[in-house]
Protein chains: 2
Amino acid sequence: MKIGQATIKDIARELNLSASTISRALKDYPGISEETKKKVKEVAEKMNYRPNAIALSLRKSRSFTIGVIIPEVVHFFFSTVISGIEEVAFSRGYNVILTQTNEKIEREKSSINTMLSNQIDGFMVSFSKETEDFEHFSKLIEQGYPIVFFDRVPDIPHAINVMVDDYQGAYDATSHLISQGYQKIVHLSGPKNLKISHERARGYTDALKNHGIPVRPEYIVESAVGTPDEGKEITKKLLSSLPDLPDAFFGNNDMAAVGAMLACKEHGLRVPEDVGIVGFSNWQFCSMIDPSLSSVFQPGFAMGAKATEVLLDIIEKKIDVDDFNSPIVLETELMVRNSSKRIFK
Amino acid sequence: MKIGQATIKDIARELNLSASTISRALKDYPGISEETKKKVKEVAEKMNYRPNAIALSLRKSRSFTIGVIIPEVVHFFFSTVISGIEEVAFSRGYNVILTQTNEKIEREKSSINTMLSNQIDGFMVSFSKETEDFEHFSKLIEQGYPIVFFDRVPDIPHAINVMVDDYQGAYDATSHLISQGYQKIVHLSGPKNLKISHERARGYTDALKNHGIPVRPEYIVESAVGTPDEGKEITKKLLSSLPDLPDAFFGNNDMAAVGAMLACKEHGLRVPEDVGIVGFSNWQFCSMIDPSLSSVFQPGFAMGAKATEVLLDIIEKKIDVDDFNSPIVLETELMVRNSSKRIFK
DNA sequence: TCAAGCTATTCAAACGTTTGCACTTTTTTC
DNA sequence: GAAAAAAGTGCAAACGTTTGAATAGCTTGA
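No experiment lies behind these values; they were computed from the predicted model shown.

Caption draft 1: Representation of the protein's contact with DNA strand C in the model. In the neighbourhood of DNA strand C, 27 residues make up the surrounding shell, with Thr21 and Arg24 of chain A together with Ser23, Lys27 and Arg59 of chain B lying closest. Atoms of DNA strand C within 4 Å of the protein: sugar and phosphate make up 56%, bases the balance. Backbone polar atom of arginine 59 of chain A to a base oxygen of DNA strand C: 3.3 Å apart, as the coordinates give it. When grouped by side-chain class, the residues that make up the surface near DNA strand C number eight nonpolar, eleven polar and eight charged.

Shown next as structure tokens:
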């Protein structure tokens with residue numbers, strides 16, 4: 001049978017003291033005699049006293065809990081972000097309550113509501129693919145709720161955004177392919193409503209331009225879902241329909257890239273000899289497949305950690321919301337592997 | 001500026017009614033006139049009233065929150081479990097607070113403490129590799145805290161365990177290898193203190209025995225960490241030291257199996273012609289690597305969902321703790337892919 | 001001797017809900 | 001037309017904690 005946790009009142013009764021004295025004694029407040037403090041602490045220990053965080057939250061209107069809203073948990077990149085969030089939150093004494101939206105805006109909204117009900121101290125959000133209207137976030141910001149966006153960030157006033165340098169990552173990846181002698185580079189792009197998709201596409205385009213390679217619209221194809229199957233299908237179609245066969249694929253994510261790789265292999269093309277491939281995100285499997293997949297590393301853990309640091313600093317008023325007029329951008333790193341190495345030294 | 005959320009008192013003041021009436025009106029309690037109910041609800045709507053879950057928790061000694069303690073978030077299998085947990089919890093109106101132990105028993109214990117402080121309604125636990133003494137869990141069970149273990153389950157009285165049929169999965173995998181003509185099958189086993197490791201090893205051993213193949217102790221090697229690198233190293237050593245070369249590897253997990261595959265390839269062995277390989281867990285990358293990796297599918301999502309159902313049923317007293325005298329076991333499924341297909345039909 | 005000044009402690013209200021009970025007021029019943 | 005029943009609402013306590021203000025019991029000093 002669950003024994004009701006000992007409370008301050010129980011200790012008070014035991015020692016014939018008032019609740020306030022117990023509270024202060026436990027907190028080492030001045031004005032309590034050393035003797036009393038000692039006794040109180042002993043009894044607390046003996047009774048296995050554990051402060052009731054709920055009561056504390058009610059009193060202080062602070063829950064020491066942050067809410068994380070994420071599209072999917074079963075996603076390598078996001079899981080690394082969660083890990084970073086959890087790590088920092090734990091070390092600073094906060095709880096993390098987690099919900100996934102499964103890319104549905106309705107779940108996003110309802111999660112916000114339950115979290116508000118739960119008096120969360122702040123939000124960390126990466127919004128869903130369905131989200132095109134940011135009204136529900138703007139309202140929160142206006143009302144002064146601490147909220148930090150990561151990875152998928154909105155373009156709205158006063159939003160605090162932590163992101164990866166998608167533009168540079170894509171630029172590097174594309175430049176690398178060019179440097180390896182690939183010229184006809186296809187970009188499998190991401191969903192149109194995500195800023196990260198645009199940034200990556202822009203990096204790709206700029207790299208081509210800066211190397212004097214014409215940008216062909218038919219070489220930019222949307223791979224919105226981001227599964228290997230989708231990438232494979234799209235690539236297959238391209239290979240059988242394009243008059244001028246591409247010699248490289250730059251995927252907006254690793255899944256699409258791996259799909260492209262499979263399609264190329266099936267089409268009898270050798271990777272990297274005939275076709276070069278680079279992905280984005282550097283999922284675990286990149287080094288396990290054959291040929292190993294070059295990819296742009298996104299620092300997910302660091303992103304989660306940094307975003308949480310910022311959120312907690314805001315919550316604790318160590319920094320001011322207005323200090324952020326531009327996003328916090330983390331560096332990517334191109335991991336060159338065999339799928340794009342054509343020039344051997 | 002954050003506007004203090006409207007409370008029941010605010011509505012009461014607005015309508016010149018008492019807090020109790022508001023509370024009852026909002027809950028459609030009998031004994032409140034339809035007219036009042038209507039007015040109250042309108043005003044609540046207008047003031048954007050949102051019940052304070054913290055106050056409710058304090059009053060009811062129920063937080064509608066469950067605590068999940070998991071070894072790692074960045075782990076395909078566990079992330080699918082979390083997803084299942086989150087899904088069921090959300091649909092039944094519960095929050096999920098998540099902590100990862102990073103395989104450290106100290107974090108496990110301290111997580112339990114903060115969760116207890118937070119008046120969590122119940123626990124879901126998969127313990128760390130370091131955990132060998134289950135005292136801290138036994139105590140919780142004795143005190144009547146609802147707690148459900150999943151995947152890594154303890155062998156202690158009254159524990160409610162949800163697990164996968166590791167024995168059968170391993171048995172199937174090994175039998176499959178035998179049916180494909182492999183005879184000298186190495187098992188890369190898991191950490192010794194996890195029951196799942198024993199079960200998988202037992203399935204492997206029994207399959208050999210039942211097919212009249214002698215079990216050789218030197219063919220069972222511990223791959224405790226479970227990374228591709230470790231699997232690769234171990235396999236390399238085996239290939240260069242064993243006088244009688246093995247012709248198959250059954251990995252306790254996919255990472256070890258992939259390591260074995262890489263080592264075999266480097267050693268000039270062809271997969272599956274010379275060596276057959278089967279993993280365990282069916283991680284996403286299994287179908288993406290070349291050759292694709294056969295693996296035992298573990299229903300992670302279903303496990304998380306089932307475990308949560310049970311936990312919530314216990315919390316809500318829909319079922320009794322004593323109804324569980326044996327673990328809930330979920331079926332595995334062998335996914336045969338190219339890494340172990342030697343007999344072509 | 002007594003006001004002043006400490007020290008150690010207690011009181012009481014507050015955070016936002018819920019809920020058993022009591023209290024009005026209205027309606028029904030005979 | 002008076003008593004009984006019903007309907008609608010309010011009071012107050014409780015959940016566990018914190019905290020400003022109040023109080024009690026000392027010691028000190030002139």
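Caption draft 2: Examining the pairing of strand S10 (residues 294-297) of chain B more closely. Pairing analysis gives four bridges linking strand S9 (residues 276-281) of chain B to S10 of chain B, with the strands arranged parallel. Bridge assignment links glycine 279 of chain B to a residue of S10 of chain B, and that residue is serine 295 of chain B.

Caption draft 3: Region of the structure containing the packing of aromatic side chains. Enumeration over the complete set of coordinates arrives at 16 aromatic pairs over all chains. Consider the rings of phenylalanine 76 of chain A and tryptophan 283 of chain A, whose centres lie 6.0 Å apart with planes at 50 degrees: the pair is tilted. Of this pair, phenylalanine 76 of chain A sits in helix H5 (residues 76-91) while tryptophan 283 of chain A sits in the loop between strand S9 (276-281) and strand S10 (294-297); the two residues are 207 residues apart in sequence, bridging distant segments of the chain. The ring of tyrosine 182 of chain A carries arginine 342 of chain A above its face, with NZ or CZ at 3.9 Å from the centroid. When the ring centre of phenylalanine 64 of chain B is taken as origin, the NZ or CZ atom of arginine 62 of chain B, which lies over that ring, is 4.3 Å away.

Caption draft 4: Here's a closer look at the relation of the copies chain A and chain B. Expressed as a screw operation, the relation of chain A to chain B combines 0.0 Å of axial shift with a rotation of 180 degrees, fitting to an RMSD of 0.1 Å. Within this description, the copies of the chain are treated as partners about a two-fold rotation axis. The overlap is high: 98% of the interface residues of chain A also sit at the interface in chain B, so the same surface is used on both sides.

Caption draft 5: Representation of the UniProt feature "domain: HTH lacI-type" (unreviewed entry) in chain A in the model. Within this structure's numbering, the places UniProt gives as "domain: HTH lacI-type" (unreviewed entry) are residues 6-60 of chain A. Taken end to end, residues 6-60 of chain A is 67% helix and 0% strand, and its two terminal C-alpha atoms sit 21 Å from one another.

Caption draft 6: View of the protein's contact with DNA strand D. Close to DNA strand D lie 26 residues; Ser23, Arg24, Lys27 and Arg59 of chain A together with Arg24 of chain B are nearest. The sugar-phosphate backbone supplies 56% of the atoms of DNA strand D found within 4 Å of the protein. Sorting the residues of the surface near DNA strand D by element identifies helix H1 (8-15), helix H2 (19-26) and helix H4 (53-60) of chain A together with helix H2 (19-26) and helix H4 (53-60) of chain B as the ones contributing at least two each. Considering only residue class, the surface near DNA strand D consists of eight nonpolar, eleven polar and seven charged.

Caption draft 7: Region of the structure containing the interface of chain A and chain B. Of the residues lining the interface, 53 residues belong to chain A; the matching set on chain B comes to 52 residues. Here chain A meets chain B over a buried area of about 4900 Å², counting both sides, of which 56% is carbon and sulfur. For the interface between chain A and chain B, the tally reads six salt bridges. Viewed at the interface, chain B and chain A are joined by 24 residue pairs in polar contact (both at pLDDT 80 or more). Every element with two or more residues in the side of chain A that touches chain B is listed here: H4, H5, strand S2 (95-100), helix H6 (105-117) and helix H11 (254-266) of chain A. Per element, the largest residue contribution to the side of chain A that touches chain B is eight residues, and it comes from H5 of chain A. In terms of residue class, the side of chain A that touches chain B is made up of 24 nonpolar, 21 polar and eight charged.

Caption draft 8: Broad picture of the domain arrangement of chain A. Residues and elements named next belong to chain A. Examined at the domain level, chain A breaks down into domain 1 (8-51), domain 2 (62-163 + 300-328) and domain 3 (166-298 + 334-340). Here domain 2 and domain 3 have C-alpha centroids that lie 30 Å from each other. Listed as interface residues are 14 residues of domain 2 and, on the opposing side, eleven residues of domain 3. Buried surface at the junction of domain 2 and domain 3, both sides included, amounts to about 1200 Å², of which 59% is carbon and sulfur. Interface area lost by domain 2 to domain 3 is led by Phe76, Phe77 and Lys129, which between them contribute 46%. Linking domain 2 with domain 3 are zero salt bridges, by the criterion used here. Inspection of the domain 2/domain 3 interface yields five residue pairs in polar contact (both at pLDDT 80 or more). Residues belonging to the side of domain 2 that touches domain 3 are distributed by class as follows: four nonpolar, four polar and six charged.

Conventions used here
- Residues numbered from 1 in each chain as written.
- Chains lettered and ligands numbered in written order.
- Predicted model: local features only at pLDDT ≥ 70, side-chain atom pairs only at ≥ 80, totals over all residues.
- Heavy atoms only, no water.
- Near = heavy atom within 4 Å.
- Polar contact = N/O pair within 3.5 Å; in protein donor to acceptor, adjacent residues only side chain to side chain.
- Nonpolar A, V, L, I, M, F, W, Y, C, P; charged D, E, K, R; others polar.
- Pairing = 2+ DSSP bridges.
- Helix = DSSP H or I, 4+ residues; strand = E, 2+ residues; numbered from the N terminus.
- Phe/Tyr/Trp six-rings, centres within 6.5 Å; stacked < 30°, edge-to-face > 60°.
- Lys NZ or Arg CZ within 6 Å of the ring centre and 35° of its normal.
- Least-squares fit on C-alpha atoms with pLDDT ≥ 70 in both.
- Contact = heavy atoms within 4.5 Å.
- UniProt positions renumbered as here; feature names shortened; annotations may be inferred.
- Buried area = accessible area lost by both parts, 1.4 Å probe.
- Salt bridge = Lys/Arg side-chain N within 4 Å of Asp/Glu carboxyl O.
- Domains from an automatic or database assignment.

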